[in-house]
Amino acid sequence: MTSGPASKPPTGAPNAPSPSDPSGSGRIELRLRSIDDLDQPATTAAGKGATTAKPAETATPQSLTSFDWLDTIVDEVVLGSDAGAQPPAPGAGLNQPTQWRATGIETVPAAEALPVDVLDQVLLGYSPIMDRHHGVVATRLTVVPVSPHRTLDAGALLEAVGRVWPIDSGAVSLNVASESLLKELLRARPDPNIMIEVPAFLAAETAGVAAIIELAARGNILLMKGRPRVELPRAVLHCFKWSVVDIGEERRVGAPTPSQGVQRILPCIQTGVRTTEEMRQSFERGAIAVMGWPLEDPVTPRRSQASPDLQVVLEMIARIDRNEPADAIDQVLVRDPVLAFELMRHVRSASPGPLRLETGSFRQAISILGHQHLRRWLAGVLARTAETVHLKPVNFAALRRGLLMRELTSVTDDPALRSEMFMCGVFSLLDHILARPIGELLATLAVPERVRTALVDGRGDCFVALELARAIESEDPHAIRRAAAAAFVTPREINRALMRSLRVALQLERSTRVA
């Protein structure tokens, strides 16, 4: 576990110097560890005097319910082109819902367009890769061909992945469920931050040995998925840095914890983790990281209380002090569902008399309070903040759910729906975080009816999008197909929305993080 909370400025003086912010700028940040640090002892960024790059200038918002700041970021993320495509005519094609159906159409420069076929021909899922300190050190992207008989372009896939994860933006592990595509990837030249999972049976084939050795020699990290049924040549075994073992196939489950001197030939990354208890047990058995979503049990016991994230609160105060617009403050707030929940509750309680103003977006809540009121409220929240290490995986999931659900409705003519989709995704894990029924939690907020209907009653347009987001997180192609059919969207529409949302999430997190 990391050390205790960093020194907090006293109320009323949030910019006072501290051990981790000697300049008193209020721009204290956590340094997230990289995939390369899995083999190294844990360290913290406290006391390093790190600074944060100044965020890009943004225009003052014109509409309280729009997401102009997010549109600006998305416009810079070019993942494909549908030149000449037109939206479907009303009533044509699918029997779609009346309020939303993403068409995936986006105007982009022709020179920046990707080959249009790669996102048509695969189903994508994703999950985080977490270290024992609950830090997300990489992302796993699962790629499943829509048709097993179709030849896929490995170069086009790598180009699409590279646009979301440039070399300097963190690591991504490709889990490809196609032997032919995987063999093409091994012969390609992926960027060094792209890891490739190789099934053990494929590593044992002599025909692929040369490609594996060459790829490892170029510096790419190779992961062996599963256990080989035959002994691998030493030259091949040494090409793999880690093994990937599903928790359902873990032979050490139920066995005594191995002694300190007992080690695997290859350090293990445990996949298929679904609860915090499974995550804890995996690390006790010697795993160096886990893949999966530990979201199936409450992350905060009922006897405890989830706290707002210290770093998020300090960065919001710093942006207020720099007189940045509401959308810039919003970009920080959305990284912490607990703080967003408390802010929405405060906005409702601050409404005069019996008036209960419905708040359709987080930025609207910020604008309703105003900078000085918000700053005073945040100063009071500081006393209850913490470095919420155990909430990192759930915050990672909540931000990406909200962005994905919003991107699925990117061409709707109802901007309020897009904001509500985002809010629904961010708040969809509140019951998991706070260990209380979601209906009880939302009863304290003035949220839009579509958000409440989705999260409490399990119906409506927002719920359809939420189920699709959950299916994508499961990395199960059958679940993705079922959810896509219910939402009346195609693989390409889903994949474009997913890749955009993952890229935007990285940009939002990096905008307030030490490079």
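Just above sits the structure.
Please read these numbers as outputs of a predicted model, since none were measured by experiment.

Asker: Mind showing me how you'd approach helix α2 (residues 154–164) here?
Answerer: Quick reminder: α-helices carry 3.6 residues per turn. Residues three or four places apart thus point the same way. Among the 11 residues that make up α2, nine are buried, leaving the element largely enclosed by the rest of the structure. Among the residues of α2, those classed as buried are Ala 154, Ala 156, Leu 157, Leu 158, Ala 160, Val 161, Gly 162, Arg 163 and Val 164. Elements that come into contact with the buried residues of α2 comprise β2 (136–145), β3 (171–176), α3 (179–187), β4 (194–199) and α20 (491–510). With a side-chain oxygen positioned 2.9 Å from the backbone nitrogen of Gly 155, the residue opening α2 is Asp 153.

Asker: What is the right way to look at the pattern of salt bridges in this model?
Answerer: Oppositely charged side chains are able to pair whenever their charged atoms sit close together. A full pass over the atoms with the stated rule returns 26 salt bridges. For Glu 467, the salt bridge is made with Arg 470, and the minimal N-O distance between the two is 2.8 Å. Here Glu 467 pairs with Arg 470, and both are found in helix α18 (residues 461–474), just three residues apart, close to one helical turn. Taking relative accessible area as the criterion, Glu 467 reaches 33% and is therefore assigned partly exposed.

Asker: Looking at this structure, how should I read the pairing of strand β7 (residues 268–273)?
Answerer: For β7, the tally of buried residues reaches five of six residues, placing the bulk of the element in the interior. With four bridges connecting them, strand β6 (residues 240–246) and β7 associate as parallel partners. Looking across to β7, one finds that Val 244 is bridged to Ile 269. In this sheet, strand β8 (residues 289–292) lies alongside β7 in parallel orientation, the contact comprising four bridges. Residue pairing for β8: Ile 269 is matched across the bridge by Ala 289. Crossover connection from β7 via helix α7 (residues 276–284) to parallel β8: handedness right-handed.

Asker: Help me understand the environment of Ile 494, please; the structure alone is not making it clear to me.
Answerer: For Ile 494, the position within the fold is in helix α20. Residues Ile 494 and Leu 124 lie 370 residues apart in sequence; the distance between their C-alpha atoms is 8.3 Å.

Asker: For this particular structure, what's the right way to read the packing of aromatic side chains?
Answerer: Given two aromatic rings, their pairing is described by the distance between the two centres and the angle made by the two planes. Applying the stated criterion across every chain yields a total of four aromatic pairs. Aromatic side chains Tyr 126 and Trp 293 sit 5.3 Å apart centroid to centroid with 90 degrees between the ring planes, which places their arrangement in the edge-to-face category. Here Tyr 126 is found in strand β1 (residues 122–130), whereas its partner Trp 293 is found in the loop between β8 and α8 (310–321), with 167 residues between them in sequence. Of the two residues examined, Tyr 126 and Trp 293, each falls in the buried class. Centroid distance Phe 362 to Phe 427: 5.3 Å. Interplanar angle 70 degrees. Geometry classified as edge-to-face. In this pair, Phe 362 sits in helix α11 (residues 362–369) while Phe 427 sits in helix α14 (residues 415–427), placing the two residues 65 residues apart along the sequence. In this pair, the class of Phe 362 matches that of Phe 427, namely buried. Chaining the aromatic ring pairs together yields one cluster made of Tyr 126, Trp 293 and Phe 396.

Asker: Please explain the environment of Phe 240 as it appears in this structure.
Answerer: Along the chain, the position of Phe 240 falls in strand β6. Judged by its relative accessible area of 4%, Phe 240 is buried. A sequence separation of 24 residues divides Phe 240 from Ala 216, and the C-alpha atoms of the two residues are 7.7 Å apart. Once residues lying within four places of it in the same chain are set aside, the contact partners of Phe 240 are Val 198, Ala 203, Ile 212, Leu 222, Leu 223, Met 224 and Leu 266.

Thresholds, definitions, all that
- Residues numbered from 1 in each chain as written.
- Predicted model: local features only at pLDDT ≥ 70, side-chain atom pairs only at ≥ 80, totals over all residues.
- Heavy atoms only, no water.
- Buried < 20%, exposed > 50% of the residue type's maximum accessible area, 1.4 Å probe, protein only.
- Helix = DSSP H or I, 4+ residues; strand = E, 2+ residues; numbered from the N terminus.
- Contact = heavy atoms within 4.5 Å.
- Polar contact = N/O pair within 3.5 Å; in protein donor to acceptor, adjacent residues only side chain to side chain.
- Salt bridge = Lys/Arg side-chain N within 4 Å of Asp/Glu carboxyl O.
- Pairing = 2+ DSSP bridges.
- Right-handed = clockwise from strand over helix to strand, strands pointing away.
- Phe/Tyr/Trp six-rings, centres within 6.5 Å; stacked < 30°, edge-to-face > 60°.

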